[in-house]
Amino acid sequence: MNREQIIQLISNKMRLIRLEKNYSQDKMADIMGISKKTLIQIEKGRTLSSWTNVIAVCALFRDSEILQSVLGDEPLEIIETIAHNGIERPIDKSMGGRVWWKEIEIKGDYRLQQNIISQHYRILDGKNYRWYSSLEYEEASIRLYELAQDEIADSKRRT
């Protein structure tokens, strides 16, 4: 997925997300910081949402079943991965990928998973903290190997 695809996807689901929350167009527009007229144009497919509005929807409605059905369990992770062209730092703890993720590879205490909806990759440690996210398998696989090698080196230093 890329930025344009996400914008199209979220724009097409905006009405359903609003209805899922039982919000009027006035309330939804107010929450998003856009005019009702703009929201109506997006909902009718006459215009696309802006990237900024897509980020706002993913942040404010991240628990939406509609949103999760198209982006997986962590909509903001997808947005951050696309915006930064990958994530290379340990971030918040995950649930371990029991529902939205499939295991691709395990090296040491790290495992590479792929989201079954968005198809992006992430690396989790043994405590389910995310260390890396990418849209590219090769980059994620290389980073998995590097993290496993760092783990081996750290364990040798401690002994």
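Residues numbered from 1 in each chain as written. Predicted model: local features only at pLDDT ≥ 70, side-chain atom pairs only at ≥ 80, totals over all residues. Heavy atoms only, no water.

## A closer look at the confidence of the model for the protein chain
In this model, the protein chain carries an average pLDDT of 86, and 86% of its residues clear a pLDDT of 70 or more. Mean pLDDT across the elements of the protein chain bottoms out in helix H7 (residues 137-158) (80) and peaks in helix H3 (residues 36-43) (96). (pLDDT = per-residue confidence, 0-100. Helix = DSSP H or I, 4+ residues; strand = E, 2+ residues; numbered from the N terminus.)

## With respect to the side chain of Ser118
As for its position among the elements, Ser118 is in the loop between strand E2 (110-115) and strand E3 (121-124). A relative accessible area of 5% places Ser118 in the buried class. Of the polar contacts made by the side chain of Ser118, one reaches the side chain of His120; its length is 2.6 Å. (Buried < 20%, exposed > 50% of the residue type's maximum accessible area, 1.4 Å probe, protein only. Polar contact = N/O pair within 3.5 Å; in protein donor to acceptor, adjacent residues only side chain to side chain.)

## Here's the deal with the pattern of salt bridges
Applying the stated criterion to the full structure yields eight salt bridges. Among the salt bridges present, the one from Lys21 reaches Asp63, with a minimum N-O distance of 3.2 Å. Taken as a pair, Lys21 in the loop between helix H1 (3-20) and helix H2 (25-32) and Asp63 in the loop between helix H4 (51-60) and helix H5 (65-71) lie far apart in primary sequence, 42 residues in all. The network of salt bridges with shared partners includes Glu77, Arg122 and Arg130. (Salt bridge = Lys/Arg side-chain N within 4 Å of Asp/Glu carboxyl O.)

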